[in-house]
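Fold and geometry: a report
Chain by chain, the residues run as shown.
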Amino acid sequence: MADIYDFVIIGSGPSGGVLAYNLCKAGARVLMLEAGKAHSAKTFPRNEMTANASLMWSGGMDTSTDAGLLFLRGKVLGGGSIINQCLLDRFDDNAFDDWRARTGVDFYSSSTMSRHYDEVESHLALHTMEKCDWNRNAELYVEGFDKCGMEWAPLRRGQSNCGQGNDCVVCLGGCPRDSKQSSLVTFIKKAQQHGLEIETEFNVSQIIHGTNLVTVYGDQYGAARQVYGRRCIVAGGALGSTQMLLKSGFKDKLPGLGSNFTCHPQFMNIALFDEIVDAHKGAFQSVKSQDPRFRQQGFKLENVFAGPIAVSLLKPGFGLDHQRFMQKYRNMACIEVAIRDATAGTINIDKSGRLKIKKTMADADWQRANAGIRVVETLFNSLGARDVMKSPIKIGLHLMGGCTLGKDGRNSVVNEHFQVHDHPNVFIADSSIFPSAPGINPSLSIMALAHKASEHILAECGVSSTAKIKSKSPVVEVQP
Ligand SMILES: Cc1cc2nc3c(=O)[nH]c(=O)nc-3n(C[C@H](O)[C@H](O)[C@H](O)COP(=O)(O)OP(=O)(O)OC[C@H]3O[C@@H](n4cnc5c(N)ncnc54)[C@H](O)[C@@H]3O)c2cc1C
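No experiment lies behind these values; they were computed from the predicted model shown. (Residues numbered from 1 in each chain as written. Predicted model: local features only at pLDDT ≥ 70, side-chain atom pairs only at ≥ 80, totals over all residues. Heavy atoms only, no water.)

1. With respect to the UniProt feature "domain: Glucose-methanol-choline oxidoreductase C-terminal" (unreviewed entry) in the chain
- UniProt records the feature "domain: Glucose-methanol-choline oxidoreductase C-terminal" (unreviewed entry) at residues 386–450, using the numbering of this structure.
- Along residues 386–450, the helical share is 12% and the strand share 23%, with 47 Å between the first and last C-alpha atoms. (UniProt positions renumbered as here; feature names shortened; annotations may be inferred. Helix = DSSP H or I, 4+ residues; strand = E, 2+ residues; numbered from the N terminus.)

2. Quick word on the confidence of the model for the chain
- The share of residues in the chain with pLDDT of 70 or more is 96%, and the mean pLDDT across the chain is 94.
- Low pLDDT, under 50, characterises residues 473–480; the predicted model gives this stretch 19 contacts beyond four residues in sequence or across chains.
- Here the predicted complex carries an ipTM of 0.99, next to a pTM of 0.96. (pLDDT = per-residue confidence, 0-100. Contact = heavy atoms within 4.5 Å.)

3. Focus on the layout of surface pockets
- When its volume is computed, the second largest pocket comes out at roughly 370 Å³.
- What lines the second largest pocket is a set of 22 residues, among which Ser289, Arg295, Lys300, Gly439 and Ile440 lie closest to the centre.
- At the level of secondary structure, the elements contributing two or more residues to the lining of the second largest pocket comprise strand S13 (287–289), helix H9 (292–297), strand S14 (299–303) and strand S15 (332–339).
- Broken down by class, the residue content of the lining of the second largest pocket amounts to 6 nonpolar, 7 polar and 9 charged. (1 Å grid on protein atoms, 1.4 Å probe; cavity = no way out; pocket = protein on both sides within 12 Å on 5 of 7 lines; lining within 4 Å. Points joined across faces, edges and corners; volume = space filled by probe spheres on them. Nonpolar A, V, L, I, M, F, W, Y, C, P; charged D, E, K, R; others polar.)

4. A look at the packing of helix H5 (residues 110–121) against helix H13 (residues 443–460)
- The geometry of H5 relative to H13 is characterised by a closest axis approach of 8 Å and an angle of 105° between their N-to-C directions. Judged by the angle between their axes, H5 and H13 are roughly perpendicular. Each of Met113, Arg115, His116, Tyr117, Glu119, Val120 and Glu121 in H5 lies in contact with H13, whose residues at this interface are Leu444, Ser445, Met447, Ala448, Leu449, His451, Lys452 and Glu455.
- Taken together, the residues that form the contact of H5 with H13 break down as 7 nonpolar, 3 polar and 5 charged. (Axes fitted to C-alpha atoms, helices over the stretch in contact; angles between N-to-C directions. Parallel < 35°, antiparallel > 145°, perpendicular 65-115°, else oblique.)

5. A short note on the site of the ligand
- Close to the ligand lie 37 residues, the nearest being Glu34, Gly80, Val204, Ser431 and Ser443.
- Ser15 places a main-chain nitrogen or oxygen 3.1 Å from an oxygen atom of the ligand.
- Compared with its free state, where it exposes 1,000 Å², the ligand has 95% of that area covered by protein.
- If you list the elements that add at least two residues to the shell around the ligand, you get helix H1 (14–25), helix H3 (80–83), strand S9 (202–209), helix H8 (237–247) and H13.
- Taken together, the residues of the shell around the ligand sort by class into 16 nonpolar, 18 polar and 3 charged. (Near = heavy atom within 4 Å. Polar contact = N/O pair within 3.5 Å; in protein donor to acceptor, adjacent residues only side chain to side chain. Areas by Shrake-Rupley, 256 points an atom, 1.4 Å probe, with all protein chains shown as cover.)

6. Quick notes on the packing of aromatic side chains
- On inspection of all chains with the given rule, the structure shows 17 aromatic pairs.
- Pairing Phe107 with Phe418 gives two aromatic rings, centres 5.7 Å apart and planes at 20°, and the pair type is stacked. Of this pair, Phe107 sits in the loop between helix H4 (93–103) and H5 while Phe418 sits in the loop between strand S19 (394–396) and strand S20 (419–420); the two residues are 311 residues apart in sequence, bridging distant segments of the chain. Exposure class is identical for Phe107 and Phe418. Each is buried.
- Pairing Phe305 with Tyr329 gives two aromatic rings, centres 5.2 Å apart and planes at 45°, and the pair type is tilted. Of the two residues, Phe305 sits in the loop between S14 and helix H10 (308–314) while Tyr329 sits in the loop between helix H11 (319–327) and S15, which places them 24 residues apart along the sequence. Of the two residues examined, Phe305 and Tyr329, each falls in the buried class.
- Every member of this aromatic cluster is reached through a ring pair, and the members are Phe91, Phe96, Trp99, Phe107, Tyr108, Phe418 and Phe434.
- Directly above the ring of Phe325 sits Lys315, whose terminal nitrogen or CZ lies 5.2 Å from the centroid. (Phe/Tyr/Trp six-rings, centres within 6.5 Å; stacked < 30°, edge-to-face > 60°. Buried < 20%, exposed > 50% of the residue type's maximum accessible area, 1.4 Å probe, protein only. Lys NZ or Arg CZ within 6 Å of the ring centre and 35° of its normal.)

7. Regarding the UniProt feature "domain: Glucose-methanol-choline oxidoreductase N-terminal" (unreviewed entry) in the chain
- UniProt's entry tags residues 54–265 with the feature "domain: Glucose-methanol-choline oxidoreductase N-terminal" (unreviewed entry), counted in the numbering of this structure.
- Structurally, residues 54–265 is divided into 28% helix and 21% strand, and its ends, taken at the C-alpha atoms, are 23 Å apart.

8. Points about the nonpolar core
- Counting residues in hydrophobic clusters, the biggest one holds 92 residues, and the most contacted among them are Ile207 and Leu245.
- With near-sequence residues (within four places) excluded, Ile207 lies in contact with Ile10, Val214, Thr215, Cys232, Val234, Met244, Leu245, Ser248, Phe250 and Val426.
- If you look at the next biggest cluster of nonpolar residues, it comprises 47 residues, including Trp134, Phe325, Met332 and Val337. (Core = buried A, V, L, I, M, F, W, Y, C linked by side-chain atoms within 4.5 Å.)

9. Brief notes about H8
- Most of H8 sits out of view: 10 of its 11 residues are buried.
- Here H8 has its buried residues at Gly237, Ala238, Leu239, Gly240, Ser241, Thr242, Gln243, Met244, Leu245 and Leu246.
- With its phi angle positive at about 80°, Gly249 sits one or two positions after the end of H8.

Here you go:
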C-alpha cells in the first residue's frame, strides 16, 4: 500500500511556497520535498562560513565549466528565499515585452500579471527603505548619484520588523527574527495550516511520468525513497529543476531542455574612504539606480556589502597586501553592478548526473559590465575615495532558464498552462521557465507566475481557485 498525494511539489523556494499554499487552500493533499534541511529563526547558523556551507548547494561553490562564474543557490527549507535579500520588484513593460516577443505568450504583460502580483503581495509585509534606514554606505551612494546627476530610487524589501534602522545584516544566512519574508515564514507556514506535509533532506533523483501517476525517486538520510503523486510540480529552481528533468530522460523528447540559462552576473566594487563607513552596520541594501540610461545599457547599480569572509574572498592575493586590505574593512563602501546578461548559457549533466553549466561572458556582456563599473568609479571618485577595487569575481545570484515556457515543444519545455510538453502530469512554474534575463530582481515575479500556474493547475483538475478539490482516496495500491 502506498500513499498517493494529489500533488508532490519538489522544492520549497518562492515558487514551491506559493504553489503549496494555493493548492492546499483548495483542499488538495500536498507533499513538499526539499533536499535541504529545515531551519528556523533559532537554528540558522550564525557564522558566515557555516551558513554558506550548510544553506547552499555545493557550499556556495557551484561554478560554470570554465570557472568564470560562481553560482549561489539555496539548499534549505525555503530555498533561495532564506539566503536572499528579499528585494521585491515587479517586472516592467520592457521585461514583459521582451518575453512576449521571444515566446509569443500573451500573458507576459504588466496588465495581465498585475492581478497575480497583487495577490502574492497581499501575503507579504513590504517595506520601502527610507532615509532613516540608510547606513553610511547608502548615504555615500545617494550623495554620489546626486552629485553626478543620476537617478536613484529606494529599494523595496519583504520584511516585517527589522528593528530600528534595520539594525541587523545577517539576512544572507537566514533571518533570526522571522522578519524577512521568506517562503518559510509566509506561504509555507500558511500552507501547513491547510495541511501541507513536508519532507526535508529528500534529494530527488528521478521523476517518472505515468498515465495517472508520477513517481518521484530520491534518497533521504542515506536510504532510497519513492513517493507518488497524481501530479508533480517541479520547483527546484533553474539548476535544480533542469537537472531533475535531465536525469529523468526528458531531454529525449524536449531538445530545448537546458537552454536559455541566464544569471544577472554581479560585480562588487569596493571603495576605500578615509572616514569610517561601517557598511556592515544597519541596512545592508537600501537604494538602487533608477536611471533609464542604465536600463537601456543593460546594467543596474545597488548599494550592498558583505560579511568579512565574503569580502576577503573578493580580493585576490594573500599575505601582507591582503591583510592590509582587510584592516580597512570599516572604511569600505561598496556598490554592485548587475548586468542583464545578453548571452544565454546551457545546463547539462555528466554521466554521474552532476551539473555542467556552460555560461560565458561575451563581448556584449562585458560592454554592459564595463559601462556600469565606469559609472561606479566616477561616482566614488566624485566622493573622494582613496581607491576603488573592482573584484574579478563574477557572481550569479539570479539563476534563470533551462526549462523555458513557450508554445513549441521543439525549443521550449513548458506550455502556456505550465505543463511540461507531452507530460501532462508534470508542471513547472519556477525561475527555470524564464526565457531571458529581465534585469530585475526575479523573486516577486516567480511568485506571481506560480500564483498564475496554481490557477491553471486547479482549473485543469476541474476546480476553480476558490472551490475545494475533493481529494480521491488518499491510500491506494500502487504498481509503478
Ligand atoms: C545571495 C542571494 C541574494 C539574492 N537576493 C535576491 C533579492 O534580493 N531579490 C530577488 O528577487 N532575488 C534574489 N535572489 C534570487 C532568488 O533568491 C531566486 O531567484 C529565487 O529563490 C528562485 O526561486 P525558485 O523557487 O525558482 O527556486 P529556489 O528558491 O532556488 O528553490 C528551489 C528549491 O528546490 C530545492 N531542490 C533543488 N533540487 C532538488 C532536488 N533534486 N531534490 C529536492 N529538492 C531540490 C532546492 O534545495 C531549493 O530549496 C538572491 C539569491 C541569492 C543567492
